[in-house]
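Structural overview for review
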Amino acid sequence: MDIEDIQSQRDYYEHCRQVHHYSPAINKILNLSESYIPDAEKAYKEGKTKAIWSGGVGWQVPLIYACDTIPVAYGEMGRLSDKEAMQIAEDYYQFPVETCSMVKCTVGQWHLRRNTSTINRILGNSSACEPYNLAWEIMKREGYDVYNNDVVYRGPTVEGKRLEKLIQFLVDEIYDVAEWLTGSRKIDEDKLIREIQRKNRLLNKLKTVLELRRKHPFYVRSLATIVMLNIGLNNYFGKPEEYEAAIDLLIEELENKPVDEKELKKVIPLVWAGGTGQEFGIYEAIDQAGGALLGLRSVPFKLYREDVPPVESLARWVYDNAGAGAGVYARNVLEHEVDKLNARGLILYGYIGCSFASVDREMWRKYFHAKGIPSINLEGSFQTGAPTGQVITRVKAFVEMLS
Ligand code: SF4
């Protein structure tokens, strides 16, 4: 499939498979991503597994797997959406047109599934955002079983006793979520320890992949990078063993590939900061202009502690990582990535209608500008189809300027 023929996100996947024809590992990762939601819904309907919709990041995922349930990332439904899903949110539920398109797509998809035999439980997270809080309230009325944990937020100066109090608060919240998931506050600690070990093992393996990519910057192109790290590393596409096997294979492929010095001379290392939307054409524009996304803000780098009880380990990881709340924690991750990779530029991306992320992006833009790191600040949408030509032109011009 040629790039000009692409009409939908599925087409981008097909194109991405062709681009990576040399890599069985990347093809496996793309297949796992594409089949994630349909396979989880099918297994659930056939009674083979328990499954819930969830944001699917951070502490939730090891806990959900430890409760013998598959976390199905509702954000992934954007890829299955079209204008109809958005319109349901706007016309039927009266979401203002300027509401973030990620939320509208998700609402439209849940609407289409209500009163069917598919997954009917939603684990929200009140820290996420106001439009999603509204979406969850509405879905309760539509018959979904919805549970939201309370806000998780660590201010920039919170340390010592105040931090310990926050950790204890989140520990209690985690037990509440377990009760909602299983009907009991008892958590199988052995299972949770195994999930934490799995997460740490995969974090280390992905660190190896990222290191190897510095020698082979064009082996995993931008879309595949986002898919592998964003949903893959967070949720394992609902198939942990298969995901890990694909990562092992990718490490093998990268280790066996000879280094191409010419490639290393021409690469433009970039760091992606912000949400990773469904406008796959942006990733294509980066590739075409000679950029390589070698660092991402959303990739967790810190390991979960294995020297404390497992529930406490989940809570400590949240407050010790990029998702702690205040924008400075994510900025620290970005700075670490920029310095490590000698990145030439930063791509700041967010969704139209997301007020809090736009404030973060503006703060980061100023901070990195003062450090002499150029950035481009993009706003896009979550809907499917090709991105606007204007966004692509800006991305290409930015990357080419850095060359
Ligand atoms: S991009 Fe912003 S508004 Fe949209 S779902 Fe995320 S946090 Fe909410």
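Thresholds applied
Residues numbered from 1 in each chain as written. Predicted model: local features only at pLDDT ≥ 70, side-chain atom pairs only at ≥ 80, totals over all residues. Heavy atoms only, no water. UniProt positions renumbered as here; feature names shortened; annotations may be inferred. Axes fitted to C-alpha atoms, helices over the stretch in contact; angles between N-to-C directions. Helix = DSSP H or I, 4+ residues; strand = E, 2+ residues; numbered from the N terminus. Parallel < 35°, antiparallel > 145°, perpendicular 65-115°, else oblique. Contact = heavy atoms within 4.5 Å. Nonpolar A, V, L, I, M, F, W, Y, C, P; charged D, E, K, R; others polar. Pairing = 2+ DSSP bridges.

The name an unreviewed UniProt entry gives the protein chain is 2-hydroxyglutaryl-CoA dehydratase, D-component, with Methylomusa anaerophila as the organism. Recorded in UniProt under Cofactor (unreviewed entry), the annotation for the protein chain is "[4Fe-4S] cluster". The record held by UniProt for the protein chain lists under Sequence similarities (unreviewed entry) the comment "Belongs to the FldB/FldC dehydratase alpha/beta subunit family."

Turning our eyes to something else, we now look at the packing of helix 5 (residues 101-113) against helix 6 (residues 130-141). At their nearest, the axes of helix 5 and helix 6 sit 10 Å apart, and the two run at 10 degrees to each other. Viewed along their axes, helix 5 and helix 6 adopt a mutual orientation that is roughly parallel. The residues of helix 6 that touch helix 5, namely those facing Met102, Val103, Thr106, Val107 and Trp110, are Pro131, Tyr132, Ala135, Trp136 and Met139. Among the residues forming the contact of helix 5 with helix 6, the class breakdown is 9 nonpolar, 1 polar and no charged.

Residues other than glycine seldom take positive phi values, yet Gln94 does so here, at roughly 60 degrees. Here Gln94 lies in the loop between helix 4 (83-92) and helix 5. The backbone of Asn115 sits at a positive phi, close to 60 degrees, despite the residue not being glycine. Take Asn115: it is sitting in the loop between helix 5 and strand 3 (121-125).

On to the sheet that holds strand 8 (residues 375-380), then. In space, the 4 strands of this open sheet follow the order 6-5-7-8, with parallel pairing throughout. Where the open sheet ends on each side, the last strands, each with one partner, are strand 6 (291-296) and strand 8. Going from strand to strand, the sheet's axes swing by 30 degrees on average, the running direction of each strand aside. As paired elements, strand 5 (residues 268-274) and strand 6 share 5 bridges and run parallel to each other. Bridge pairing links Leu270 to Leu293 in strand 6. Set on the sheet, helix 14 (residues 327-341) makes contact with strand 5, strand 6 and strand 7 (345-351); between it and strand 5 the angle comes to about 175 degrees.

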